[in-house]
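# Reading the structure
Each chain is listed here by its residues.
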Amino acid sequence: MGRSKVCGIGTSFDAKHWLSLDPCGFFGISLSWGVHLYALVTIFLLLLSNSNVSLVLFAFGYLPCSVLAMISLYMASTTNPGAVPMGARPLVTVRPSQSAATSNGGSHASASSSRNRPMRRCHKCNDNFKPARAHHDSVTGRCIVKFDHYCPWVNNSIGALNHKFFCLFLFYTAVCCLMSLFLLAMRAYQCSNLVPEHAEQVASHGAADSVSQADRVTPDERLLLATLGLSPPNHLLYAECSHFYDNYYIWALAGSSILFFLFTSVMSCEQLDAIATGRSKIARMKVGVGQGGTEYVCVSEEFNEMFGGDSPKPSWHWYLPMQVVFPRGMKKVVLGYDWDETFDAAPYRDADDEEEDESSSQQLDDDNDEESGLQMTAALSLPQQPRRKSMGSRETSTGSVHSLSADGLNRRRHDSGDSRLQIV
């Protein structure tokens, strides 16, 4: 879809709030929100009654993970992933030609071309400065630093500043799916020893009509008896088990939990390499085929580029959907550019670009002078041929005049001769 903005919200250069307006992304993130909310409501209404163990697991396990997953989803979708702003400049501590010289593996050809074009630019972003580790995303229409991929499930590009939230969303979603399957298994085990005739009574009249409250065994007592190797009487029923196996909401919860657990588990395992190396998917692909240069190396080993902090080892803030905080002065180094609100909203031009513009304009003037000289020469040489034709025509006309005059003289002579003959 590219850069767009509606009421100050979008992915354009002047948007105040970051949000991708891609239709496919809206559908994907709506599905993500819907699955989490559906699972939360279904578990609360159908899997917690008459089970203290399920209540404790839900309150201290599933509910916190579900809330953290949805907060991570919100942060991943609304956080600027590291888009290069208009007017961004290269860092003073980094040579402008370094990114161009190492973009092709540091070869001699690329080094020689970097002298002619010292600063990388993105033509799709109006020739804006393009840092070494930035790649253009066609969906958002912006160059993203450490661009990994565009994820429709979060409706955003995954880059340097929101990669943490994407990983947390995958992790907590997988944990929620696993807990959901565990709660379903507990309820299925509780309802596994029902007698068919009593089940029909429960279905038609309810558990209170078929079995008295005093004779009923609670699910926790049933689990305790199973742990001790004892089994309760089969005629005891539970109201929550009356329509457990033929409930479509239960089957939908089980199917979505299995599907999203497999998906998020595979995606989480894929992100482990990005967490360990600090490289995006594109960077890992280029390094894998031998096209990676020094720009794909971590800027520092004192912290993790994805989670920030002051240590490369896991810390408590890794597991919370908080904004990534880098050590002092290192955020610009990670992003690879310098920018301030006072900068002009136009592509940055350095001295080399001005010299290149002057040389190109001088070359253009020389070309124009040479072209005008050729046009003048052509203008002088082309009319000569028509002149010869005109002279020839003049000669022809002169010859015709002479011939006409000669004919007239002969006629006069002939006439005078005839007259003389008549006189004689």
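Please refer to the structure higher up on the page.
This report concerns the structure included in the present document. Every value quoted in this text rests on a predicted model; they were computed, and no experiment measured them. (Residues numbered from 1 in each chain as written. Predicted model: local features only at pLDDT ≥ 70, side-chain atom pairs only at ≥ 80, totals over all residues. Heavy atoms only, no water.)

Time to look at the overall build of the chain. Broken down by element type, the chain carries 13 helices and nine strands. Within the chain, buried positions represent 40% of all 424 residues. When the accessible surface of the chain is split by element, carbon and sulfur atoms take 61% of a total near 24,400 Å². (Helix = DSSP H or I, 4+ residues; strand = E, 2+ residues; numbered from the N terminus. Buried < 20%, exposed > 50% of the residue type's maximum accessible area, 1.4 Å probe, protein only. Areas by Shrake-Rupley, 256 points an atom, 1.4 Å probe, with all protein chains shown as cover.)

Let us look at the layout of surface pockets. By volume, the largest pocket amounts to about 760 Å³. Lining the largest pocket are 30 residues, and of these N80, A83, P85, Y337 and W339 sit closest to its centre. Where the lining of the largest pocket is concerned, the elements lending two or more residues are β3 (17-18) and α11 (331-335). Counting residues per element, the lining of the largest pocket draws most heavily on α11, at three residues. Broken down by class, the residue content of the lining of the largest pocket amounts to 16 nonpolar, seven polar and seven charged. (1 Å grid on protein atoms, 1.4 Å probe; cavity = no way out; pocket = protein on both sides within 12 Å on 5 of 7 lines; lining within 4 Å. Points joined across faces, edges and corners; volume = space filled by probe spheres on them. Nonpolar A, V, L, I, M, F, W, Y, C, P; charged D, E, K, R; others polar.)

Attention now moves to unusual backbone geometry. The phi angle at N50 is positive, at roughly 60 degrees, despite the residue not being glycine. Here N50 is to be found in the loop between α1 (23-46) and α2 (52-78).

Here the structure, examined in full by the defined rule, presents eight aromatic pairs. Taking the centre distance of 5.9 Å and the plane angle of 15 degrees together, the rings of F58 and Y62 count as stacked. Of this pair, F58 and Y62 both sit in helix α2, four residues apart, which is roughly one turn of the helix. Of the two residues examined, F58 and Y62, each falls in the buried class. Residues F171 and Y172 carry aromatic rings whose centres are separated by 5.1 Å and whose planes lie at 65 degrees to one another, so their mutual orientation is edge-to-face. (Phe/Tyr/Trp six-rings, centres within 6.5 Å; stacked < 30°, edge-to-face > 60°.)

Structural remark: α-helix, 3.6 residues per turn; residues separated by three or four positions point the same way. Relative to the 40 Å expected for 28 residues at 1.5 Å per residue, helix α5 (residues 163-190) spans 41 Å between its end C-alpha atoms, a close match to the ideal helical length. The element α5 is extensively covered by neighbouring structure, given that 20 of its 28 residues are classed as buried. (Expected span 1.5 Å × (residues − 1).)

Moving on, we get to the pattern of salt bridges. Counted under the stated rule, the structure contains five salt bridges. In this structure, the salt-bridge partner of E305 is K146, at a minimum N-O distance of 2.8 Å. Linking E305 in the loop between α10 (281-288) and α11 with K146 in the loop between β7 (142-145) and β8 (149-151), this pair joins segments that are 159 residues apart in sequence. Each of the two residues, E305 as well as K146, counts as buried. Salt bridges sharing partners connect three or more residues here, namely R133, K146 and E305. (Salt bridge = Lys/Arg side-chain N within 4 Å of Asp/Glu carboxyl O.)

I43, L47, F58, Y62, Y172, L184 and L253 are the most contacted members of the largest nonpolar core, which totals 21 residues. Listing elements by their share of this core, those giving two or more residues are α1, α2, α5 and α9 (248-277). Here this core gets seven residues from one element, more than from any other, and that element is α5. Among the nonpolar cores identified, the runner-up in size contains 18 residues, and M119, C122, M330 and V334 belong to it. (Core = buried A, V, L, I, M, F, W, Y, C linked by side-chain atoms within 4.5 Å.)

With that settled, consider the packing of α1 against α5. Put simply, α1 and α5 touch, their axes get as near as 11 Å, and they point 30 degrees apart. Relative to α5, α1 is oriented roughly parallel. Every pair of crossing elements has a handedness; the one defined by α1 and α5 is left-handed. Contacts from S32, H36, I43 and L46 in α1 reach F169, T173, S180, L183 and R187 in α5. Partitioned by chemical class, the residues of the contact of α1 with α5 number four nonpolar, four polar and one charged. (Axes fitted to C-alpha atoms, helices over the stretch in contact; angles between N-to-C directions. Parallel < 35°, antiparallel > 145°, perpendicular 65-115°, else oblique. Left-handed = near helix turned anticlockwise from the far one by under 90°. Contact = heavy atoms within 4.5 Å.)

Together, V41, F44 and L45 give the surface a local cluster of nonpolar side chains, amounting to about 320 Å² of exposed area. Of note, V41 is situated in helix α1. By relative accessible area, V41 is classed as partly exposed at 47%. (Patch = residues over 30% accessible without salt bridge, like charges linked within 9 Å, V, L, I, M, F, W, Y side chains within 5 Å.)

So, on to the sheet that holds strand β1 (residues 5-6). With mixed pairing, the three strands of this open sheet are ordered in space as β1-β2-β3. Whereas interior strands pair on both sides, the edge strands pair on one side only; in this sheet they are β1 and β3. With two bridges joining them, strand β2 (residues 9-10) and β3 adopt parallel strand pairing. Looking at β3, one finds that I9 is bridged to H17. (Pairing = 2+ DSSP bridges.)

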